[in-house]
Amino acid sequence: MLLTYRGSGQSEESFIQDVKYLALVLLMAGFFQNLFFIFLCAWVNGFYLVQINAKVFTIIQRHSDQEFLGRVFSLLFVFSSLFSPLANLVFGQLVPLVQWHSFTVAGLGVVVVSYSIKKLFLEGQ
């Protein structure tokens, strides 16, 4: 309830804000190596992933032509399905090497990818 209190605002603006919160949660999980804290971060992570996914679908619907919307969503789902095994492979090899710092690596990855998306696609609109 506390996490949903703040207003959502525009989808693009609140999307970037939610991605920042997600990166912060992942970075905090990497710094505080407590199992209870990890469970709390996983819960907050799940909340923000739901928020981000809903906003991504809204942004796609607003910026895509109606006649191409089905194709855009099918490409989104195809590419997300293609990248899932790759992500599992990378993190399957990475987690034993860096252990607790895998959360930090994931948080930094979210920062880099979200900054790239903001610069390439969302600025100038």
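Analysis parameters
- Residues numbered from 1 in each chain as written.
- Predicted model: local features only at pLDDT ≥ 70, side-chain atom pairs only at ≥ 80, totals over all residues.
- Heavy atoms only, no water.
- Core = buried A, V, L, I, M, F, W, Y, C linked by side-chain atoms within 4.5 Å.
- Buried < 20%, exposed > 50% of the residue type's maximum accessible area, 1.4 Å probe, protein only.
- Helix = DSSP H or I, 4+ residues; strand = E, 2+ residues; numbered from the N terminus.
- Phe/Tyr/Trp six-rings, centres within 6.5 Å; stacked < 30°, edge-to-face > 60°.
- pLDDT = per-residue confidence, 0-100.
- Contact = heavy atoms within 4.5 Å.
- Expected span 1.5 Å × (residues − 1).
- Polar contact = N/O pair within 3.5 Å; in protein donor to acceptor, adjacent residues only side chain to side chain.
- Salt bridge = Lys/Arg side-chain N within 4 Å of Asp/Glu carboxyl O.

1. Digging into the nonpolar core
Consideration 1: Among the nonpolar cores identified, the biggest contains 15 residues, and F15, L22, C41, Y48 and I52 are the most heavily contacted of them.
Consideration 2: Where this core is concerned, the elements lending two or more residues are α1 (11–31) and α2 (35–63).
Consideration 3: With eight residues, the single largest contributor to this core is α2.

2. Quick look at the packing of aromatic side chains
Consideration 1: This structure, assessed with the given rule, holds six aromatic pairs.
Consideration 2: Ring centres of F47 and Y48 lie 5.1 Å apart, and the angle between their planes is 75 degrees; this geometry places the pair in the edge-to-face category. Taken as a pair, F47 and Y48 share a single burial class, namely buried.
Consideration 3: For the ring pair F57 and F77, a centre distance of 6.0 Å and an interplane angle of 45 degrees mean the geometry is tilted. Within this pair, whereas F57 is found in helix α2, its partner F77 is found in helix α3 (residues 69–98), the two being separated by 20 residues in sequence.
Consideration 4: Counting every residue linked through ring pairs, the aromatic cluster contains Y21, F47 and Y48.

3. Considerations on the confidence of the model for the protein
Fine structural detail should not be taken from predicted coordinates in areas where pLDDT scores are low.
Consideration 1: In the predicted model, the protein carries a mean pLDDT of 82, and 88% of its residues have values of at least 70.
Consideration 2: Counting interchain partners and residues more than four positions distant, the pLDDT-below-50 stretch residues 1–5 has six contacts.

4. Some remarks on α3
Because an α-helix completes one turn every 3.6 residues, residues spaced three or four positions apart along the sequence face the same direction.
Consideration 1: Taking 1.5 Å per residue, 30 residues should reach 44 Å; α3 reaches 40 Å between its end C-alpha atoms and fits that length.
Consideration 2: Just past α3, the residue Q99 takes up positive phi, approximately 50 degrees.

5. Overview of α2
Consideration 1: For α2, with 29 residues, the first-to-last C-alpha span of 41 Å sits near the 42 Å given by 1.5 Å per residue.
Consideration 2: Of the positions making up α2, those classed as buried are F37, I38, C41, V44, N45, F47, Y48, I52, K55, I59 and I60.
Consideration 3: The N-terminus of α2 is capped by N34, whose side-chain oxygen sits 2.9 Å from the backbone nitrogen of F36.

6. Focus: the pattern of salt bridges
Consideration 1: Scanning the entire structure with this criterion turns up one salt bridge.
Consideration 2: Where D18 meets K55, a salt bridge forms, and the shortest distance between an N and an O atom there is 2.4 Å. In this pair, D18 is assigned in helix α1 and K55 in helix α2, connecting sequence segments 37 residues apart.
Consideration 3: When its relative accessible area of 9% is taken as the criterion, K55 is described as buried.

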